[in-house]
Amino acid sequence: METKITLAIETSCDETAVAILRGRHILTTEVASQINLHALTGGVVPEVAARDHLRKIRPLIDRALANAGLSIREVDAFAATRGPGLATSLMIGTSVAKGLALASGRPFIAVNHLEGHLLSPFYDDFVKPAVGLVVSGGHTLLVNIEGIGRYRPIGGTVDDAAGEAFDKVGKLLGLPYPGGPHVNRLAADGDPARYDFPRSMLESGDFSFSFSGLKTSVRYLLPKLKEYRVEDLCASFQEAVVDVLVSKTVKAVADTGLECIAISGGVSCNTRLRERFTAETAVLGLECLFAEPRLTTDNAAMIGFVAAMKLERGELSPMTTDIDPNLRLV
Ligand code: KG4
Ligand code: ZN
């Protein structure tokens with residue numbers, strides 16, 4: 001196993017993150033969240049996010065090195081997310097990583113943020129064939145993982161991402177931003193069968209997801225209710241999302257003949273989603289890998305994990321590598 005040191009930077013959206021790995025193993029993972037900053041505007045303003053990355057990145061690198069007990073001279077490769085994400089945010093992370101690589105004469109490795117999420121459930125072991133489900137604030141993707149760098153898309157959302165639906169419903173219910181974790185917490189005391197929300201595209205016969213109709217039905221229902229328990233609304237909404245995710249993912253596994261499901265992204269933290277996937281896969285005799293909680297929402301360790309595997313394979317990136325806000329997985 002490689003024991004080279006990789007320093008990885010993630011600044012694709014609203015978390016400034018730095019991680020240091022020895023080989024595939026995380027030595028430290030640091031995240032400076034901008035949630036409080038963006039709570040003021042109820043969403044991310046790109047220029048505000050980029051300027052905050054610029055302020056935080058240097059102290060965060062120093063903190064990561066101190067926590068790993070290393071000096072910058074001991075780093076063998078510098079990695080950063082090149083997309084998808086906000087252009088101005090991506091530029092901060094890639095520019096800093098390239099600058100450090102250039103100054104130290106070490107390689108630069110550009111990483112696709114989606115590949116970071118997708119492979120995070122395999123940390124810190126080897127990647128094996130699986131159906132990958134990425135459920136985050138920006139993405140809902142079903143992917144056939146044939147091996148490292150060999151991905152075949154199976155399906156995805158035609159409108160809102162799963163996390164986006166959680167956040168929008170959270171906002172409708174007056175919960176703080178981002179709504180996902182709050183909906184999850186309140187749902188624990190709610191009745192998931194109290195409201196019958198639509199399971200969009202459940203019978204569509206393909207692997208497309210749609211969550212915007214579900215959000216709309218919550219919006220239309222709310223003014224009609226004289227009184228309600230917010231816990232019941234959260235539990236019923238959450239159950240509708242989880243039903244569709246579990247059902248389509250299990251069908252994808254059956255279609256591909258694979259025996260492993262790898263689940264990642266911020267929404268994979270959801271306790272009901274974990275419960276349901278664990279139960280379903282146990283019945284079907286499938287293996288179910290979840291990303292560790294610290295690797296679910298945006299972080300640099302998942303970027304470093306992919307970079308470390310690229311370093312092992314000699315897949316370095318030229319200094320001319322550009323950012324790509326619309327970068328796709330394949
Ligand atoms: O992976 P991530 O940082 O986003 C993107 O890369 O796009 O995930 C953030 C998303 C947010 O939408 C947040 O509300 C959601 O993940 N989230 C959750 C939970 N924890 C985070 N959604 C449902 N239940 C949770 N426990
Ligand atoms: Zn992400």
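All values reported here derive from a predicted model rather than from experimental measurement. (Residues numbered from 1 in each chain as written. Chains lettered and ligands numbered in written order. Predicted model: local features only at pLDDT ≥ 70, side-chain atom pairs only at ≥ 80, totals over all residues. Heavy atoms only, no water.)

Points about the pattern of salt bridges
Under the counting rule described, the total for this entry stands at 24 salt bridges. For Glu-47, the salt bridge is made with Arg-51, and the minimal N-O distance between the two is 3.2 Å. Of this pair, Glu-47 and Arg-51 both sit in helix H2 (residues 46–68), four residues apart, which is roughly one turn of the helix. Accessibility classification places Glu-47 together with Arg-51 in one group, the exposed group. Here Arg-152 makes a salt bridge to Glu-146, at a shortest N to O gap of 2.9 Å. For Arg-152, a relative accessible area of 45% translates into the label partly exposed. Each of Arg-199, Glu-239, Asp-243, Arg-272, Glu-275 and Arg-276 takes part in salt bridges that share partners, so that together they form one network. (Salt bridge = Lys/Arg side-chain N within 4 Å of Asp/Glu carboxyl O. Helix = DSSP H or I, 4+ residues; strand = E, 2+ residues; numbered from the N terminus. Buried < 20%, exposed > 50% of the residue type's maximum accessible area, 1.4 Å probe, protein only.)

So, the packing of aromatic side chains
One pass over the structure, following the stated rule, counts four aromatic pairs. Across from the ring centre of Tyr-195, 4.8 Å away, lies the NZ or CZ of Arg-194, which sits over that ring. The ring of Phe-209 has Lys-248 lying over it, and the distance from NZ or CZ to the ring centre is 6.0 Å. (Phe/Tyr/Trp six-rings, centres within 6.5 Å; stacked < 30°, edge-to-face > 60°. Lys NZ or Arg CZ within 6 Å of the ring centre and 35° of its normal.)

Considerations on the coordination of the zinc ion (ligand 2)
Summarising the metal site, the zinc ion (ligand 2) is bound by the protein donors His-113 (NE2), His-117 (NE2) and Asp-298 (OD), whose distances to it range over 2.0 to 2.1 Å. Between the four donor atoms coordinating the zinc ion (ligand 2), the angles at the centre fall across 96 to 131°, so the site counts as tetrahedral. Ordering the donors of the zinc ion (ligand 2) by residue number gives the pattern H-x3-H-x180-D. Placement of both His-113 and His-117 in helix H4 (residues 113–119) is noted, with a separation of four residues, approximately one turn of the helix. (Donors = N, O, S within 2.8 Å, 3.2 Å for Na, K, Ca; no water. Tetrahedral: all angles 85-135°; square planar, octahedral: opposite > 155°, others 65-115°.)

Re the sheet that holds strand S10 (residues 287–290)
Taken together, five strands build an open sheet; the order of strands is S8-S7-S6-S9-S10 and the sheet is mixed. Pairing within the sheet leaves two strands with one partner each, and these edge strands are strand S8 (150–156) and S10. The sheet shows a mean angle of 25° between the axes of neighbouring strands, taken without regard to direction. Of the strand pairs in this sheet, strand S7 (residues 140–147) and S8 are connected by six bridges, and their pairing is antiparallel. Residue pairing across strands places Asn-144 opposite Arg-152, the latter belonging to S8. Contacts from helix H8 (residues 230–256) reach strand S6 (130–135), S7, S8 and strand S9 (260–264) within the one sheet, and its direction differs from that of S6 by about 155°. (Pairing = 2+ DSSP bridges. Axes fitted to C-alpha atoms, helices over the stretch in contact; angles between N-to-C directions. Contact = heavy atoms within 4.5 Å.)

So, the domain arrangement of the protein
Each assigned domain of the protein is listed with its residue range as follows: domain 1 (5–118 + 296–312) and domain 2 (128–290). On a C-alpha basis, the centroid separation for the pair domain 1 and domain 2 is 27 Å. Here domain 1 packs against domain 2, burying approximately 1300 Å² in sum over the two surfaces, 72% of which is carbon and sulfur. In terms of surface lost to domain 2, no three residues of domain 1 exceed His-117, Leu-118 and Thr-296, which account for 46% of the buried area on that side. Where domain 1 packs against domain 2, one counts zero salt bridges. Inspection of the domain 1/domain 2 interface yields four residue pairs in polar contact (both at pLDDT 80 or more). Secondary structure elements with two or more residues in the side of domain 1 that touches domain 2: helix H1 (35–39) and H4. By residue number, the principal contributor to the side of domain 1 that touches domain 2 is H4, which donates four residues. (Domains from an automatic or database assignment. Buried area = accessible area lost by both parts, 1.4 Å probe. Polar contact = N/O pair within 3.5 Å; in protein donor to acceptor, adjacent residues only side chain to side chain.)

Examining the nonpolar core
In this structure, Phe-237, Leu-245, Ile-263 and Phe-277 are the most contacted members of the largest nonpolar core, which totals 44 residues. At the level of elements, S6, helix H5 (162–172), helix H6 (180–187), helix H7 (212–221), H8, S9, helix H9 (271–284) and S10 are the ones that each hand at least two residues to this core. Ranked by the residues each element gives to this core, the list is headed by H8, at 13 residues. Residues in contact with Ile-263, not counting those within four places in the same chain, are Pro-121, Leu-133, Val-135, Ser-268, Leu-273, Phe-277, Cys-288, Leu-289, Phe-290 and Ala-291. Residues Ala-79, Leu-289, Leu-295 and Ala-301 belong to the second largest nonpolar core, which totals 35 residues. (Core = buried A, V, L, I, M, F, W, Y, C linked by side-chain atoms within 4.5 Å.)

Looking at the state of the cysteines
Joining two cysteines, a disulfide is a covalent bond between their sulfur atoms. Under the counting rule described, the total for this entry stands at zero disulfides. The closest cysteine sulfur to the non-disulfide-bonded Cys-269 is located on Cys-288, 14 Å from its own sulfur. (Disulfide = S-S within 2.5 Å.)

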